[in-house]
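So you can see what is in the structure, the chains are spelled out below.
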Amino acid sequence: MKKVLAIILGGGAGTRLYPLAKLRAKPAVSVAGKYRLIDIPLSNCINSEIFKIYILTQFNSASLNRHIARAYSFSGFTEGFVEVLAAQQTPESQTWFQGTADAVRQYIQLFEDWDVNEYLILSGDHLYRMDYRKFVKRHRDTKADITLSVLPIDERRASDFGLMKIDDAGRVVDFSEKPKGQALKQMAVDTTILGLTPEQAEQEPYIASMGIYIFKKDVLLNLLKESLERTDFGKEIIPDASKEYNIQAYLFNNYWEDIGTIEAFYNANLALTKQPQPPFSFYDEKYPIYTRARYLPPSKMLDCQISESMVAEGCILKNCRIHHSVLGVRSRVEEDSVIEDTLIMGSDFYQPFIERQSIDDDFMPIGIGKKSIIRRVIVDKNARIGNYVKIINKDNVQEANREQQGFYIRSGIVVVLKNAIIPDNTVI
């Protein structure tokens, strides 16, 4: 694996994940109360013994840079590194990244200098656990020029993905990007080719690209240099290459979720509380998920009722009820409050005791106040929610922009902004 260079694509402005991506890059968004999205592909790389890793980003990269610097530092006796590359102007390019392929193209001289055989292209906003060593082995065993990681999928979700057809040898022979209607029907295949049982194949008759690729070094360099107009891997580079190059499919038949939207992000986080076995687990000792070490104290729970929930370290919970929720680091919930079906990202710091006791009418401490009800909500970092507040989306609004009031509603989920102040007795 020393001959593999990983390139993680940080994504664009993150409009589908707005407002969580308002003040941070998409890969820097918090997940599971204590991690960042970028920790998932980075941990997969480290567990797969891939230690040369670049992350390409161009929006709000300050917090991502800070997280990477604090969390990922390899020994000076190894070639290993994790480095963020932000969009920059060069004599060859005066523009921002125009797409996934263009992002890699703009740093092609840097990547070209590495003595590697393959480039592993990853996305920064997926939740999954994969051993890339098996992926690379499949690529080398089939002598592929390009290998795509794919998963079988049902008809309901198929039109949201790039679909493909493969022959009996696993070679990709046809592509269609997010087809609809009759075009979708034409992409149905017998997925028993991938090793599925006939029953599974009937339920999942489509092969979807996960947006995870391995390229031979010279193949990627040639494809990026020969046509500057092609800016996206999934839509242009790979479909156009299928006529000339050997493109293989690698089956990944485990949990994988693209959490690029607010609804998908919310559902993926709350699914972590599922018992007895969540679809994705952070409790695998052989393949741990790494993140920044914060050295926080244990969480303190004073006469609380907590069920089907995850509580990160450093929280202070007082005489409250919490059900089917995820509470991030340094979360505070005061007495007689109820938290249900909610993701609270927590806080970046503790407020001193004296400051929290302030009698200033304009001051409100970080966390959830007394006798508040929070239901089906994402509460971003450092939010201040007062006493007797109800955030329950009482009118079942699906979409709303109330930025001046400190919140958005996306797919019926209320998102309280980072650093927002929700005054006492507010009802949303």
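Residues numbered from 1 in each chain as written. Predicted model: local features only at pLDDT ≥ 70, side-chain atom pairs only at ≥ 80, totals over all residues. Heavy atoms only, no water.

A.B. asks: Any chance you could explain the overall build of the chain here in plain terms?
C.D. replies: Along the backbone of the chain there are 12 helices and 31 strands. Computed over C-alpha atoms, the radius of gyration of the chain comes to 23 Å, within 12% of the 22 Å expected from 2.2 N^0.38 for 428 residues, which places it in the range of a compact globule. Taken along the three principal axes of its C-alpha coordinates, the chain extends 70 × 50 × 40 Å. For the chain, the residues scored as buried account for 55% of the 428 residues in total. Intrachain contacts of the chain at a sequence separation of at least 6 include 63% that bridge at least 24 residues. Looking at charge distribution, the chain has the averaged site of its 53 positive side-chain charges lying 4 Å from that of its 55 negative ones. (Helix = DSSP H or I, 4+ residues; strand = E, 2+ residues; numbered from the N terminus. Rg over C-alpha atoms; globule rule 2.2 N^0.38 Å. Buried < 20%, exposed > 50% of the residue type's maximum accessible area, 1.4 Å probe, protein only. Contact = heavy atoms within 4.5 Å. Lys, Arg positive; Asp, Glu negative; His and termini not counted. Charge placed at Lys NZ, Arg CZ, Asp CG, Glu CD.)

A.B. asks: What is the right way to look at the pattern of salt bridges in this model?
C.D. replies: Oppositely charged side chains can form a pair if their charged atoms are brought close together. Scanning the entire structure with this criterion turns up 24 salt bridges. Residue K185 pairs with E155 through a salt bridge whose shortest N-O separation is 3.0 Å. On the criterion of sequence distance, the pair formed by K185 in helix α7 (residues 181-185) and E155 in helix α6 (residues 155-158) is long-range, its members being 30 residues apart. Given the relative accessible area of 38%, E155 is considered partly exposed. (Salt bridge = Lys/Arg side-chain N within 4 Å of Asp/Glu carboxyl O.)

A.B. asks: In this structure, what is going on with the packing of aromatic side chains? I would like to understand it.
C.D. replies: The geometry of an aromatic ring pair is captured by two quantities: the separation of the ring centres and the angle between the planes. Considering all chains together, one arrives at 16 aromatic pairs under this definition. With 5.5 Å between their ring centres and 80° between their planes, Y18 and Y408 make a pair best called edge-to-face. Of this pair, Y18 sits in the loop between β1 (4-9) and β2 (30-31) while Y408 sits in strand β29 (residues 407-410), and the two are 390 residues apart along the sequence. Note on Y408: relative accessible area 3%, which makes it buried. (Phe/Tyr/Trp six-rings, centres within 6.5 Å; stacked < 30°, edge-to-face > 60°.)

A.B. asks: How do you make sense of the nonpolar core when you look at a structure like this?
C.D. replies: Among soluble globular proteins, nonpolar side chains are generally buried collectively. Judged by nonpolar contacts, the single largest core of 67 residues is most densely connected at L120 and I378. For this core, the leading source of residues is helix α11 (residues 262-271), giving six residues. Setting aside residues up to four positions removed in sequence, I378 forms contacts with L20, I262, F265, Y266, L343, M345, I413, V414, V415 and V416. Judged by nonpolar contacts, the second largest core, of 42 residues, contains F111, V116, V189 and V219. (Core = buried A, V, L, I, M, F, W, Y, C linked by side-chain atoms within 4.5 Å.)

A.B. asks: What exactly am I supposed to notice about the layout of surface pockets here?
C.D. replies: The method is simple in principle: a probe with the dimensions of a water molecule rolls over the atoms, and the space it marks as empty is what remains. Of the pockets and cavities examined, the second largest pocket occupies roughly 450 Å³. Lining the second largest pocket are 20 residues, and of these E334, R356, P365, K370 and N387 lie nearest its centre. Every element with two or more residues in the lining of the second largest pocket is listed here: α12 (353-356) and β23 (367-368). Across the lining of the second largest pocket, the residue classes break down as seven nonpolar, six polar and seven charged. (1 Å grid on protein atoms, 1.4 Å probe; cavity = no way out; pocket = protein on both sides within 12 Å on 5 of 7 lines; lining within 4 Å. Points joined across faces, edges and corners; volume = space filled by probe spheres on them. Nonpolar A, V, L, I, M, F, W, Y, C, P; charged D, E, K, R; others polar.)

A.B. asks: Explain the sheet that holds strand β28 (residues 399-402) here, please?
C.D. replies: Each strand in a sheet pairs with its neighbour through backbone hydrogen bonds, running either in the same direction (parallel) or in the opposite one (antiparallel). Ordered in space as β16-β19-β22-β25-β30-β29-β28, the seven strands form an open sheet in which the pairing is mixed. Each having just a single partner strand, β16 (310-311) and β28 make up the two edges of the open sheet. Pairing geometry for strand β25 (residues 377-379) and strand β30 (residues 413-416), over three bridges, is parallel. Along β30, the bridge assignment pairs V377 with V414. (Pairing = 2+ DSSP bridges.)

A.B. asks: Please explain the pairing of strand β9 (residues 162-166) as it appears in this structure.
C.D. replies: Each regular strand displays side chains that alternate between the two surfaces of the sheet. Among the five residues that make up β9, four are buried, leaving the element largely enclosed by the rest of the structure. In this sheet, strand β10 (residues 172-177) lies alongside β9 in antiparallel orientation, the contact comprising five bridges. Residue pairing for β10: G162 is matched across the bridge by E177. A loop of five residues connects β9 with β10, the two strands running antiparallel in sequence, and G170 in this loop sits at a positive phi of about 85°. Relative to strand β11 (residues 206-216), β9 is paired through two bridges, and the arrangement is antiparallel. In the strand pairing of β11, M164 is matched with I207.

A.B. asks: When you look at helix α5 (residues 132-141) in this model, what are you seeing that I'm missing?
C.D. replies: Count 3.6 residues to each turn of an α-helix, and residues three or four apart come out pointing the same way. Residues of α5 that are buried: Y132, F135, V136 and H139. End-on, the buried residues of α5 take up no more than an arc of 95°, which puts them together on one face. Opposite its buried face, α5 presents the exposed residues K134 and K137, each directed more than 90 degrees away. Note on α5: the residue one or two positions beyond its end, K143, has a positive phi of about 55°. (Arc of directions from axis to C-beta.)

A.B. asks: Would you explain a positive patch on the surface in this entry?
C.D. replies: On the surface, a cluster of positive charge is contributed by R16, K178, K180 and K235. Relative to the helices and strands, R16 is located in the loop between β1 and β2. (Patch = residues over 30% accessible without salt bridge, like charges linked within 9 Å, V, L, I, M, F, W, Y side chains within 5 Å. Areas by Shrake-Rupley, 256 points an atom, 1.4 Å probe, with all protein chains shown as cover.)

A.B. asks: What am I meant to see in the sheet that holds strand β24 (residues 373-375) here?
C.D. replies: In space, the five strands of this open sheet follow the order β15-β18-β21-β24-β27, with parallel pairing throughout. Across the chains shown, the open sheet's two edge strands, defined by having one partner strand only, are β15 (305-307) and β27 (390-391). Two elements, strand β21 (residues 338-340) and β24, share three bridges in a ladder whose sense is parallel. Its bridge partner lying in β24, E340 is registered against R375.

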